[in-house]
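Fold and contact review
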Amino acid sequence: MPPSVPRHHCLTQAPFQTASTRVPTFPEAAGLSIQDPEALKGLLAFLSLLALVLQETGTASFPAKERKRREEQMPEEGNASEVLPLGNDVLSPDNYGEVIDLSNFEELTDYGDQSPEVKVTSLTPATRISPTKSTEAPKTPSSSPAMTRPTTAGLILSSHPNHGLPTCLVCVCLGSSVYCDDIDLEDIPPLPRRTAYLYARFNRISHIRAEDFKGLTKLKRIDLSNNLISYIDNNAFCMLHALRDLILPENLLEALPVLPTGIEFLDARLNRLRSSGIQPAAFRALVKLRFLYLSDNLLDSIPGPFPLSLRSLHLQNNLIETMQRDVFCDPEEHKYTRRQLEDIRLDGNPINLSHFPSAYFCLPRLPIGCFT
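Remember, it's a predicted structure, so these values are computed and weren't measured experimentally. (Residues numbered from 1 in each chain as written. Predicted model: local features only at pLDDT ≥ 70, side-chain atom pairs only at ≥ 80, totals over all residues. Heavy atoms only, no water.)

A word on the pattern of salt bridges
Taken as a whole, this structure holds ten salt bridges when the rule is applied. The salt bridge partner of R269 is D267, with a shortest N-O separation of 2.9 Å. You can call R269 partly exposed: its relative accessible area is 29%. D267 sits in the buried class, given a relative accessible area of 5%. In this structure, E342 engages R365 in a salt bridge whose closest nitrogen and oxygen atoms are separated by 3.5 Å. Taken as a pair, E342 in the loop between strand 10 (312-314) and strand 11 (343-345) and R365 in the segment after strand 11 lie far apart in primary sequence, 23 residues in all. By relative accessible area, R365 is classed as partly exposed at 47%. Overlapping salt bridges, with partners in common, bring together D181, R201 and D223 in one network. (Salt bridge = Lys/Arg side-chain N within 4 Å of Asp/Glu carboxyl O. Buried < 20%, exposed > 50% of the residue type's maximum accessible area, 1.4 Å probe, protein only. Helix = DSSP H or I, 4+ residues; strand = E, 2+ residues; numbered from the N terminus.)

Structure (structure tokens):
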């Protein structure tokens, strides 16, 4: 056995080899004799093998430990609920009916302008539905009374005239305008007090009553075109002091009621108006009247005199055969010129305008009609 080397001898060796100092070899430092080559070869072979085993073992041990650590942190396969603690709120095809119950959506109520008050009375989950075959029992009718949309007649007859909501369910209310076109009305519906413009065209209204517009002091326009109106109460419009436009074409009128003095536009074309149905001097008091359309009626005379504000007068397609001298001009005032009345139509009547030159000498333009 080789002699042992003192411990202090290894600690005093210089770490670097210089020109004047020689570093001992490993066998010499270990106390082995360099004269035994076989022992030296065996030792070197053993050390090389040992170094190789230690290197491979150290390299493979780290990934194994890392994999083991990660496997300990990962949940077991098929147990995904441990990652996210969802409790009982996990949504699956078997319990989606328990999360949201929409079985009573048909019981919703129209609250109109009021905010609906939601009251939860039951949280019973809905019956589960199998993916292949439904097992839900047929629904029984709800114990609460079903709401039905009221009919037009019911709204009009059962509503108070001063309350505008029912009418606005049947008609369209936009601000101060009410549109009731083509909904088969047979009467004027109760209107909101703020109504300024009423459009009730293409209906089946046959009679205008005095109370239909009572209290509607803001009414500016009434359009009742294309109805079946045959009669209007004489005082139906006289209290509407704000009324400016009255539109009544394509009805069955034979007479005109008393008109408010502030009216500016009157359209009663395509009716059955007769001269006897218009009161004498009915238009003279209408000091703001500018447009008067009475064509396609049964008039046999010109319903004058007319106010000085009149600009357009349409009387075509009537039965007019004669004309009064003072219907447009003052026969005693030859220097007077009626400049505003520029549009007069008498065509389609059996009158020869050349026979009445003194009736229109003050006009800025000749009336349209037959002169031969």
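Read on for the rest.
Quick word on the state of the cysteines
For the structure on display, the rule yields three disulfides. The residue that forms a disulfide with C168 is C173, at a sulfur-sulfur distance of 2.0 Å. Negative torsions about the S-S bond denote left-handed disulfides, and the value of about -95° found for C168 with C173 makes this one left-handed. According to the relative accessible area criterion, C168 is partly exposed, its value standing at 24%. Look at C173 and you get partly exposed, because its relative accessible area is 22%. (Disulfide = S-S within 2.5 Å.)

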